[in-house]
Amino acid sequence: RNFYAFYNEISDIWALSVIPTSMISGRNPWRTATTNDRHFYEYLSNADFLREMLPISKAANDVLKRIFTFCPTQRISLAELRAAVLAVDTFFPTEGEVATASNDVKCAAAAYTPRIPVFETPELP
């Protein structure tokens, strides 16, 4: 098989995974998956780039690294992806992780984290 051939199922997993990445983090991981895109280029040289830029858990980052593997033949299969997703406890970072994260993560987390007002219940006499 030609290395540069289009791998439908494997390419679909990559393409469809951009959607949940955006749903989890409130941001797209990059504009285009080319080395001309600064964020994608940085991802290729730093496997934890997504976690440094997006508010995602370590487990979510581990799954995304298997999806966004540059070489199509080394990418996660659909069955493996299903098992990996089911094994993830949470896709979101803890408040403590966000507190110690980069400014990029803090900004992204603040943009999508719902802020629910907390009302104190008055004491009854």
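Structure first, text after, so check above.
Every value quoted in this text rests on a predicted model; they were computed, and no experiment measured them.

**Student:** Which parts of the structure should I look at to understand the overall build of the protein?
**Tutor:** A count of helical and extended segments in the protein gives seven helices and zero strands. In the protein, the succession of α and β elements from N to C terminus is α-α-α-α-α-α-α. For the protein, the proportion of its 125 residues judged to be buried stands at 32%. Counting only contacts in the protein whose residues sit at least 6 apart along the sequence, the fraction spanning at least 24 positions is 54%. If you sum the accessible surface of the protein, you get close to 8800 Å²; carbon and sulfur atoms cover 58% of it.

**Student:** Is there a simple way to think about helix 1 (residues 8-25) in this case?
**Tutor:** Note: α-helices contain 3.6 residues per turn, so residues at a spacing of three or four share the same orientation. Helix length check: helix 1 (18 residues) gives 26 Å between terminal C-alpha atoms against 26 Å at 1.5 Å per residue, within 8%. Among all positions of helix 1, only Ile-10, Ser-11, Ile-13, Trp-14, Ser-17, Thr-21, Ser-22, Ile-24 and Ser-25 are buried.

**Student:** I'm lost on the packing of aromatic side chains in this one. Help?
**Tutor:** Where two aromatic rings form a pair, the distance of their centres and the angle of their planes describe that pair. One pass over the full model with this rule turns up eight aromatic pairs. The interplanar angle of 70° and the centroid separation of 5.1 Å between the aromatic rings of Trp-30 and Phe-68 together place this pair among those described as edge-to-face. You can see Trp-30 sitting in the loop between helix 1 and helix 2 (38-45) and its partner Phe-68 sitting in the loop between helix 4 (58-67) and helix 5 (78-87), a full 38 residues away along the chain. Considered together, Trp-30 and Phe-68 belong to a single accessibility category, that of buried residues. The rings of Trp-14, Trp-30, Phe-40, Tyr-43, Phe-68 and Phe-70 are connected pair by pair, giving a single aromatic cluster.

**Student:** Please explain a nonpolar patch on the surface as it appears in this structure.
**Tutor:** Taken together, Leu-16, Ile-19 and Met-23 make up a surface patch of nonpolar side chains, about 350 Å² in accessible area. Structurally, Ile-19 is set in helix 1.

**Student:** Is there a simple way to think about the nonpolar core in this case?
**Tutor:** Across soluble globular proteins, nonpolar side chains have a tendency to be buried as a group. Core analysis: the largest hydrophobic core is formed by 19 residues, its most contacted members being Trp-30, Tyr-43, Leu-50, Ile-56, Ile-67 and Phe-68. If one sorts the elements of this core by residue count, helix 4 sits on top with four residues. In this structure Trp-30 touches Trp-14, Asp-37, His-39, Phe-40, Tyr-43, Leu-50 and Phe-68, once residues within four positions along its chain are discounted.

Analysis parameters
- In this numbering scheme, every chain counts its residues from 1 along its sequence in written order.
- Where totals are concerned, whole chains, interfaces and linings use all residues; where local detail is concerned, this predicted model gives features only for residues with pLDDT of at least 70, and gives and counts side-chain atom pairs only at 80 or more.
- Based on all heavy atoms of the structure, the side-chain values leave hydrogens and waters out of the count.
- Secondary structure follows DSSP: runs of H or I at least 4 residues long count as helices, runs of E at least 2 residues long count as strands, and numbering of each begins at the N terminus.
- Relative accessibility decides the category of a residue: with a 1.4 Å probe and only protein chains considered, values under 20% of the type maximum give buried, values over 50% give exposed, and everything between is partly exposed.
- Throughout, a contact is declared for two residues whenever any of their heavy atoms are within 4.5 Å.
- Accessibility throughout is a Shrake-Rupley quantity obtained with a 1.4 Å probe, and a residue counts as covered only by protein chains that appear here.
- To estimate the expected span of a helix, count its residues, drop one, and scale the result by 1.5 Å.
- Any Phe, Tyr or Trp ring, taking Trp's six-membered ring, that has another such ring centre within 6.5 Å forms a pair; planes under 30 degrees apart are called stacked, those over 60 apart edge-to-face, and the others tilted.
- Patch membership requires over 30% relative accessible area and the absence of a salt bridge. Like charges are linked within 9 Å, and nonpolar side chains (Val, Leu, Ile, Met, Phe, Trp, Tyr) within 5 Å.
- By definition here, a salt bridge exists when the distance from a side-chain nitrogen of Lys or Arg to a carboxyl oxygen of Asp or Glu is within 4 Å.
- We call a set of buried residues a nonpolar core when its members are Ala, Val, Leu, Ile, Met, Phe, Trp, Tyr or Cys and they connect through side-chain atoms within 4.5 Å of each other.

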